[in-house]
Amino acid sequence: MAAIIAVQMILSFAFSYQAGELFSKVAVSALFYWSVLRLVRRRTERSK
């Protein structure tokens with residue numbers, strides 16, 4: 001999560017605030033879905 005914030009700050013400085021904000025929204029969403037899919041996979045593996 002700290003890496004996402006750091007990249008957002010760099011993108012905001014290098015390009016624009018909107019670029020940094022867009023990156024952080026996409027990255028947080030991807031991280032959320034990855035964690036949900038990981039939890040689902042672990043539960044299906046345990047039930048087998």
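Predicted model, so just to flag it, every value in this text is computed and none were measured.

What counts as what
- Residue positions are given per chain, counted from 1 along the sequence in the order it is written.
- Since the coordinates come from a predicted model, pLDDT governs what is reported: local features require at least 70, and pairs of side-chain atoms require 80 or more to be given and counted, while whole-chain, interface and lining totals use all residues.
- Water and hydrogen atoms play no part in the side-chain values, which are based on all heavy atoms of the structure.
- Only DSSP runs of H or I covering at least 4 residues are called helices, and only runs of E covering at least 2 are called strands; the numbering of each starts at the N terminus.
- To measure how exposed things are, a 1.4 Å probe is used in the Shrake-Rupley method; for residues, cover is taken only from the protein chains shown.
- Only residues whose relative accessible area exceeds 30% and that form no salt bridge enter a patch; like-charged residues are grouped when within 9 Å of one another, and nonpolar side chains (Val, Leu, Ile, Met, Phe, Trp, Tyr) when within 5 Å.
- Should a side-chain nitrogen of Lys or Arg be within 4 Å of a carboxyl oxygen of Asp or Glu, the pair is scored as a salt bridge.
- In this count, Lys and Arg are taken as positive residues and Asp and Glu as negative ones, while His and the chain termini are left out.
- By convention, the charge on Lys lies at NZ, on Arg at CZ, on Asp at CG and on Glu at CD.
- Every helix has an expected span of 1.5 Å times one less than the residues it contains.
- Residue exposure (1.4 Å probe, protein chains only): buried if accessible area is under 20% of the type maximum, exposed if over 50%, otherwise partly exposed.
- Throughout, a residue-residue contact means that at least one pair of heavy atoms, one from each residue, lies within 4.5 Å.
- Each pair of aromatic rings taken from Phe, Tyr and Trp, with Trp reduced to its six-membered ring, is defined by centres within 6.5 Å and is described as stacked if the planes are under 30 degrees apart, edge-to-face if over 60, and tilted in the remaining cases.

Would you mind going over the overall build of the chain with me for this structure?
For the chain, the count of helices and strands is 2 helices and 0 strands. Viewed in the frame of its principal axes, the chain has a C-alpha envelope of about 50 × 15 × 10 Å. Roughly 4300 Å² of accessible area belongs to the chain as shown, and the carbon and sulfur atoms make up 69% of that amount.

How should I be thinking about a positive patch on the surface in this particular structure?
On the surface, Arg-38, Arg-41, Arg-42, Arg-43 and Arg-46 cluster together into a positively charged patch. On the secondary structure map, Arg-38 appears in helix α2 (residues 17–47).

What is the right way to look at α2 in this model?
Helical geometry: 3.6 residues make up each α-helical turn, so side chains three or four residues apart lie on a common side. Between its first and last C-alpha atoms α2 spans 45 Å; for 31 residues at 1.5 Å apiece the expected length is 45 Å, and the two agree. The set of residues buried in α2 consists of Gly-20, Ser-24 and Ala-27. Buried-residue contacts for α2 involve α1 (2–14).

Sorry if this is basic, but what is going on with the side chain of Ser-24 here?
Locating Ser-24 in the fold gives a position in helix α2. Sequence-distant contacts of Ser-24, that is, excluding residues within four places in its chain, are made with Ile-4 and Gln-8.

Is there a simple way to think about a nonpolar patch on the surface in this case?
Together, Met-1, Val-28, Leu-31 and Trp-34 make up a nonpolar patch on the protein surface, roughly 400 Å² of accessible area in all. Residue position: Trp-34 is located in helix α2.

When you look at the environment of Val-36 in this model, what are you seeing that I'm missing?
Mapping Val-36 onto the fold places it in helix α2. Separated by 12 residues in the primary sequence, Val-36 and Ser-24 have C-alpha atoms spaced 18 Å apart.

Could you clarify how one ought to interpret the packing of aromatic side chains in this entry?
Counted under the stated rule, the structure contains 1 aromatic pair. On the basis of an interplanar angle of 65 degrees and a centroid distance of 5.4 Å, the ring pair of Phe-32 and Tyr-33 is categorised as edge-to-face. For Tyr-33, a relative accessible area of 54% translates into the label exposed.

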